[in-house]
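Inside the fold
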Amino acid sequence: MSSEKTQKEMTDEAMKQFYDFVESMKKSLGVPMVPDMKTGDALWVDQREITLKFIISVNKIRDFFNALADNKFITTKCKGCGEIYFPPQSDCPSCKASDMEWVELSREGTLLTYTVINVKPYSFSHYDDYIVGIARLEDGVNVTAWIREKDPNKLKVGMKVRIDIVKREPEGYLTYELVPIE
Amino acid sequence: MGRKVAIVGVGQSKFGSRNDVNMAELTWESIKEALNDAGVDQKDIDYFVTSNAGGWSSEPLPAVIIAEYAGLNPKGTAKVEAACASGSAAVKLAHDMVASGQADIAMAVGVEKMNESPTPTIVEFIGRAGNYFWEFQNFGLTFPGYYALYATAYMDKYGATEEDLALVAVKNHYYGARNPKAQFRKEINVEKIMGSRYIAWPLKLFDCSPITDGSATVILAAEELAKKLTDTPVWIAGIGAASGTSNLSKRKGFTSLEAAVAAANQAYKVAKIDPEAPIKYFDVAEVHDCFTIAEILAYEDLGFAKRGEAVEWVRNQETYIGGKIPVNLSGGLKAKGHPIGATGEAMIGDLAKQLRQEVEKERQAPIKKGMALAHNIGGTGHYAYVTILSLDKV
């Protein structure tokens, strides 16, 4: 697989070809109007572009992210009713209270289900195909994450997995993944 | 409950890759058809609800684009979003306005122009339709991926195979081939489906509904007016709506969409349908087959089949015409196409025509009981709407 082009490279090449074609059509027609390759329908190609990169508050759950650096996987528990929330949240909707404590989650659990993402979103298209699974940890909460395995046939529903804190490359940030332990 | 409400007009554009029209032109196709079907003019519409998911298309305010182009100004409008169930949400809101007396005639207009963006952008946007921060940001799930999680769990629990899933697509393409407004009008076989590439293992290309441009419109009127407008009003007998957790990890299990069960039970209660034996009431149903596995889950979530039994139904062709209950005679999302915001109106509109016995002969269900059901799911069970239609006023 590694000698083949990534999905991102293939997409970028196809898009570059298309936009080169748009530029040549624009030169000859004076407007960015191109024919649909299949039907010949006239298409206007946007001359404006937008980049979406969000800035999101994690203020009330910052401890979760700080703990990853200490190799700890923690979440919030309501002091009132004892409910454990994952993903962590700073308010308990049943108690209508915000008196939460941070607790360490069990690092072992059972695989509930999994899939391979073969056709990837553009922002994930630089990765090889990856497996995403959902596991139920021993304390009862479920966690969605990548599974450290490339072949889905080596996995099965009900197998034991553990949570590892890992650095996601090439972005270089801490996250967590599921690791089969059978 | 309020006033009784009936569908008096429906319209649908041809679904597919519609680069021959812009969003307004595409929407006008279904609005015009629905106005003509109802025999009303724009001035008779008191309010219209627009359903659209958007993101991939250029116009951020589709409702006003439509209002101007279709001659609907100065009628009030708003856009609603319930992901792939936006259309059913629009029908519910239009229904509620008429039922409550806020409007005598209200219209639900759905449109999606997905092909304004390249496929990778669409995959990106749909993948984000769940919990963006916890499930997409780090793990890059896709819409097929979310449903594949359900497929893996279902196949493991009940012994269903990839070939079983393929049979759903075979059926829906069979009927899509008989619907002139469907995106795919070709029958396919199990071999072809099994030979298609994986999109999100175990789901393959032909397990997935396509990227679609399309619009659909439903016009609703209050009882007295409905009877004047048409000899065959199709009554809204019940609507159920429910939501599911944004994080898939917070679901109790992965072999059923809890929101769909809740929505069905609500709708059954309003329409006085025995939830233990719902199929005896219906001539035909449209269910949300964005992926083949989704149709299998729907049979069980609606209580049509018992848990684990839907796969047997598929093997025995129980949802073809002549089986226990025909499902997705429009071709379903799989073959008719799935223009996200227009899918709900298209399902409900096609069922109204089924009950009126006006669809193409080869895909017309025998109408004996006079009731039909639409099951429309937004996201991966994030939103669920079940709408029950009836020729008799319930």
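Provided above is the structure to which this section pertains.
Residues numbered from 1 in each chain as written. Chains lettered and ligands numbered in written order. Predicted model: local features only at pLDDT ≥ 70, side-chain atom pairs only at ≥ 80, totals over all residues. Heavy atoms only, no water.

**Digging into the overall build of chain A**
Counting its secondary structure elements, chain A contains two helices and ten strands. Put simply, chain A runs from its N terminus to its C terminus through helices and strands in the order α-β-β-α-β-β-β-β-β-β-β-β. Rg of the C-alpha trace for chain A: 23 Å, well past the compact-globule value of 16 Å for 182 residues, more than 25% over. Taking the principal axes of its C-alpha atoms as reference, chain A extends roughly 70 × 40 × 30 Å. (Helix = DSSP H or I, 4+ residues; strand = E, 2+ residues; numbered from the N terminus. Rg over C-alpha atoms; globule rule 2.2 N^0.38 Å.)

**What to know about the side chain of Thr292(B)**
Residues and elements named next belong to chain B. By the element assignment, threonine 292 lies in helix H11 (residues 292–301). Under the relative-accessibility criterion, threonine 292 is labelled buried at 2%. Of the polar contacts made by the side chain of threonine 292, one reaches the side chain of aspartate 207; its length is 2.7 Å. Those residues in contact with threonine 292 that lie beyond four places of it in its chain are Leu165, Val168, Ala169, Leu203, Phe206 and Asp207. (Buried < 20%, exposed > 50% of the residue type's maximum accessible area, 1.4 Å probe, protein only. Polar contact = N/O pair within 3.5 Å; in protein donor to acceptor, adjacent residues only side chain to side chain. Contact = heavy atoms within 4.5 Å.)

**Here's the deal with the pairing of strand E8 (residues 234–243) of chain B**
All names here are of chain B. Taken across its ten residues, E8 has eight buried, putting it largely inside the fold. Pairing analysis gives two bridges linking strand E1 (residues 5–12) to E8, with the strands arranged antiparallel. Within E8, the position partnered with isoleucine 7 by the bridge is valine 234. Bridge count between E8 and strand E11 (residues 383–390): eight bridges; the pairing is antiparallel. Its bridge partner lying in E11, alanine 241 is registered against tyrosine 385. (Pairing = 2+ DSSP bridges.)

**With respect to the environment of Lys4(B)**
Residues and elements named next belong to chain B. Checked against the element boundaries, lysine 4 lands in the segment before E1. For lysine 4, a relative accessible area of 31% translates into the label partly exposed. Distance from lysine 4 to arginine 178, taken between C-alpha atoms, is 33 Å for residues 174 residues apart in sequence. Excluding its chain neighbours within four sequence positions, the residues that come into contact with lysine 4 are Ala221, Ala222, Glu223, Trp235, Lys393 and Val394.

**Details of unusual backbone geometry**
Residue and element names in this part refer to chain A. In the segment running from phenylalanine 86 into proline 87, the intervening peptide bond is cis, with an omega of -5°. Mapped onto the elements, proline 87 comes out in the loop between strand E4 (84–85) and strand E5 (100–104). In this model, glutamate 169 is joined to proline 170 through a cis peptide bond whose omega is 5°. With respect to the secondary-structure elements, proline 170 resides in the loop between strand E9 (160–168) and strand E10 (173–180). Residues other than glycine seldom take positive phi values, yet lysine 96 does so here, at roughly 50°. Residue placement: lysine 96 occurs in the loop between E4 and E5.

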